[in-house]
Amino acid sequence: MTGNPYLDISALDSSLRVRAFGMGQGWFATARGCQELSVWRTLHNLSPTDATNTELQEMSIPQFLLEGSIVVSAVVTLLTNFSVLLCFTQSAELRSHVPGIFILNLSISNIILALINMPVTFLGVASSAKPLRDQLCRAVSFTETFTTCNAMLSMAALSVDRWVAVVFPLRYSSKMRYRDAFVIVAYSWLHSLAFSLTQLMMRWGAYSHTYASCTLHLDVEEASQRSAYATFTALFYCSSFALCLFVLCFAYLKVLRVARSHCKRIDVITVQTLLLLVDIHPSVKERCLAQQRKRRQRAAKKICIFIGSFIICFSPYVITRLVELLPSVDIPQHWGIATKCLVYAKASSDPFVYCLLRHQYRKVLVSIIRRIVRKDQFFLSAHSTSSMWDTTDENFPDRIT
């Protein structure tokens, strides 16, 4: 059998036809094609499957970056917001301030978002498929709607508190009390629950391929509700994003105007003092003028951070959701996931913007870290002392002998 070349060729041809038919390619392999394929593999040292995998890896670089940004946002959000909660539990001074209630509400919303929604979005991006069942997906979308709206309203409440404190400093204690703060937080929760419960009852929460997450979404089977869904979506973002942006701009611009007027008065007093002090050294004058310029810029920088971070992180996502309502618009998936990542980045940056960069919070964090370090040093010293006594006890009989 091995000596007959015709039998070998026919057997090879039949085996190749069976293999090609089994793979469903619709073409007949030949011995010459097999030789060319083997020569190609030998020259390039690469199989067609490996080439396909290489192309897929090259195409998955944006996906890898999006996954990494979601993971980083989740980790930073949990660490920073839990640090804020730890500061409140360890400091009675922070708990005595009324804005702390709004900061606690904001931190709790961000923690829920990092524990529930960010992992689900990560699974959706990684698997490029629906990560949860329909009921769980609706629950996750309910959580996203509630936490996002509650976080926006908490930022608006912080801006109102800052406005009352700066514009009405003598009447702040009567205008902003604990009872008033709890009323504002209760309204924030009721406002958020109203939209999230409506979304849950209407079954408008589902997996969206555009954002790779369980969010506010209308299924194809419910296309008859498109007008009602579009009205609900527009009303939701107008009453959350647009309302909060208006409150932020109004409150912080009022604060900036008052701060500039105070700076002008301080500048006049400073200039008059410098003119009276004739014998003052020029370096001291330059230092006073430099502090004067920094004082003018400080309020503007803080307000730009408050308003700018809100606009940069939320506006791309909100505009994309509103443009998506048009039937002729198709949003690319990478853009939709990127806007979702910006919303998650806002949750991780809120503790720095409102809390951790302030002197009171930094002082509490430093004291907590010092306590932890002292405890570790105490345990290490105790362990080293006990190990020293153990070694001396072991060597004690040797010294006697």
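All of the points below concern the structure found in this document. Nothing here was measured: the structure is a model prediction, and the numbers come from that model. (Residues numbered from 1 in each chain as written. Predicted model: local features only at pLDDT ≥ 70, side-chain atom pairs only at ≥ 80, totals over all residues. Heavy atoms only, no water.)

**Description of the overall build of the chain**
Helix and strand counts for the chain come out as 13 helices and 2 strands. Going through the 401 residues of the chain one by one, you find that 34% of them count as buried. Across the chain, contacts joining residues at least 24 apart in sequence account for 76% of those joining residues at least 6 apart. Surface exposure of the chain reaches about 24,500 Å², of which carbon and sulfur atoms provide 67%. (Helix = DSSP H or I, 4+ residues; strand = E, 2+ residues; numbered from the N terminus. Buried < 20%, exposed > 50% of the residue type's maximum accessible area, 1.4 Å probe, protein only. Contact = heavy atoms within 4.5 Å. Areas by Shrake-Rupley, 256 points an atom, 1.4 Å probe, with all protein chains shown as cover.)

**What about the environment of T210?**
Checked against the element boundaries, T210 lands in the loop between β1 (205-208) and β2 (213-216). Judged by relative accessible area, which is 14%, T210 ranks as buried. In sequence terms T210 and E324 are 114 residues apart; their C-alpha atoms lie 9.8 Å from each other. Setting aside chain neighbours within four positions, we find T210 in contact with E324, I331, P332, Q333, G336 and I337.

**Description of the layout of surface pockets**
Any space left empty among the atoms is revealed by the rolling of a water-sized probe across them. Estimates place the volume of the second largest pocket at around 390 Å³. Around the second largest pocket, the lining is made up of 18 residues, and of these H217, L218, R226, Y229 and E324 lie nearest the centre. No other element matches the 3 residues that helix α10 (residues 226-276) contributes to the lining of the second largest pocket. (1 Å grid on protein atoms, 1.4 Å probe; cavity = no way out; pocket = protein on both sides within 12 Å on 5 of 7 lines; lining within 4 Å. Points joined across faces, edges and corners; volume = space filled by probe spheres on them.)

**What about helix α6 (residues 99-127)?**
Under the 1.5 Å per step criterion, the end-to-end length of α6 is 41 Å for 29 residues, consistent within 8% with the ideal 42 Å. Approximately 35° is the largest bend angle found in α6, and it occurs at A114. Just beyond α6, the residue with positive phi is S128, at close to 55°. (Expected span 1.5 Å × (residues − 1). Bend = angle between axes of the 7 residues up to and from the residue.)

**Focus: the pairing of β2**
Where β1 lies against β2, 4 bridges are found, and the strand directions are antiparallel. By the bridge assignment for β2, S208 is matched with S213. Here β1 hands over to β2 after 4 residues, with A212 in that stretch at a positive phi of 55°. (Pairing = 2+ DSSP bridges.)

**Structural notes on empty space enclosed by the protein**
Evaluation of the coordinates by the stated rule reveals 3 cavities of 30 Å³ or more. Here the largest cavity is characterised by a volume of approximately 130 Å³. Together, 15 residues line the largest cavity, and E144, T148, F236, Y237 and Y317 are the ones closest to its centre. Those elements giving two or more residues to the lining of the largest cavity turn out to be α7 (134-167), β2, α10, α11 (282-323) and α12 (333-356). Residue contributions to the lining of the largest cavity peak at 4 residues, all from α7. A class-by-class count of the residues in the lining of the largest cavity yields 9 nonpolar, 3 polar and 3 charged. When its volume is computed, the second largest cavity comes out at roughly 70 Å³. As for the second largest cavity, its lining consists of S109, N110, L113, T147, T148, A151, M155, F314, V343, K346, A347 and D350. (Nonpolar A, V, L, I, M, F, W, Y, C, P; charged D, E, K, R; others polar.)

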